[in-house]
Amino acid sequence: MKSPILLLLLVPMTWLSCTGIMPFSPYAGNYSSQMARRLTPVENPATGLYGYVNDLGLWAIQPRYQSANRFGANGLARVRLGARYGAINMAGKTVINFNFSNGYDVDAAILSMGKGRMRGIELWEEQDSRTGLYGYLDYYGTWFIKPQYYRARAFNREGYAVVEMKRGQWGAIDRNNRIVIQPNFTSSYDAENALRRLMGY
């Protein structure tokens, strides 16, 4: 006869398994690391595009990327599609949208995501390829602050960034896109100095 404690543990796990809801990620920890090593980025010589092959040498993710990095322990890999960078998981699904012009920013976004930070705590300035205006992307590669500035600088540790709101008019915003310094400075240098003074350094 099974102990009552064992039954209490098995019943919820069986229900979760039947419903498809699992209490932990199937790509967590060492399992993810092992699976990541089983997929290798490879260039297709016929097209010059990159995909991923498994240990049998078969395409697990079809070659469609201009460049591809190895999967990390968290199961994500940075790839380039056209001129923009993003990240995919081991099923080939896009996790970080292809809105980044800099691959290093995608690496930082993957790291931020892996650390479990809240969306919007870290933002990356980016120029919108359609409008030419600048906004800020979150770690999913989605616009947390929509493109609306002529130029934009990175957010500092306190969560403030200097932006050009109108031509030749610089001010500063917080991560919620609220104006903290009015756009009355004619250069980013002067606006950044004003922001430093307000921060006390």
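Residues numbered from 1 in each chain as written. Predicted model: local features only at pLDDT ≥ 70, side-chain atom pairs only at ≥ 80, totals over all residues. Heavy atoms only, no water.

### Some remarks on the environment of R196
Right, on to step 1. Relative to the helices and strands, R196 is located in helix α4 (residues 188–199).
Right, on to step 2. A sequence separation of 40 residues divides R196 from N156, and the C-alpha atoms of the two residues are 10.0 Å apart. (Helix = DSSP H or I, 4+ residues; strand = E, 2+ residues; numbered from the N terminus.)

### Quick notes on the pattern of salt bridges
Right, on to step 1. Within the structure shown, the criterion is met by nine salt bridges.
Right, on to step 2. Salt-bridge contacts for E122 lead to R117; the nearest nitrogen and oxygen are separated by 2.3 Å.
Right, on to step 3. On the accessibility criterion, E122 (25% relative accessible area) is partly exposed.
Right, on to step 4. The closest approach of N and O atoms between R119 and D138, which form a salt bridge, is 2.3 Å. Of this pair, R119 sits in the loop between α3 (103–114) and β8 (124–127) while D138 sits in the loop between β9 (134–137) and β10 (143–149), placing them 19 residues apart in sequence. (Salt bridge = Lys/Arg side-chain N within 4 Å of Asp/Glu carboxyl O. Buried < 20%, exposed > 50% of the residue type's maximum accessible area, 1.4 Å probe, protein only.)

### Here we look at the confidence of the model for the protein
Right, on to step 1. On average, residues of the protein carry a pLDDT of 87, and 82% of them reach 70 or more.
Right, on to step 2. The model gives residues 1–31 a pLDDT under 50, and that stretch makes 13 contacts with residues more than four places away or in other chains. (pLDDT = per-residue confidence, 0-100. Contact = heavy atoms within 4.5 Å.)

### So, the sheet that holds strand β1 (residues 40–43)
Right, on to step 1. Strands sit in the order β1-β2-β3 across an open sheet of three strands; the sheet is antiparallel. With partners counted over all chains shown, the strands left at the sheet margins are β1 and β3 (59–65), one partner each. Averaged over neighbouring strand pairs, the angle between their axes works out to 25° when direction is ignored.
Right, on to step 2. Pairing geometry for strand β2 (residues 50–53) and β3, over three bridges, is antiparallel. If you follow Y50 over to β3, its bridge partner there is Y65. (Pairing = 2+ DSSP bridges. Axes fitted to C-alpha atoms, helices over the stretch in contact; angles between N-to-C directions.)

### A short note on unusual backbone geometry
Right, on to step 1. Unlike most non-glycine residues, N177 shows phi in positive territory, near 65°.
Right, on to step 2. Note on placement: N177 falls in the loop between β13 (169–174) and β14 (179–185).
Right, on to step 3. The class for N177 is partly exposed, based on a relative accessible area of 25%.

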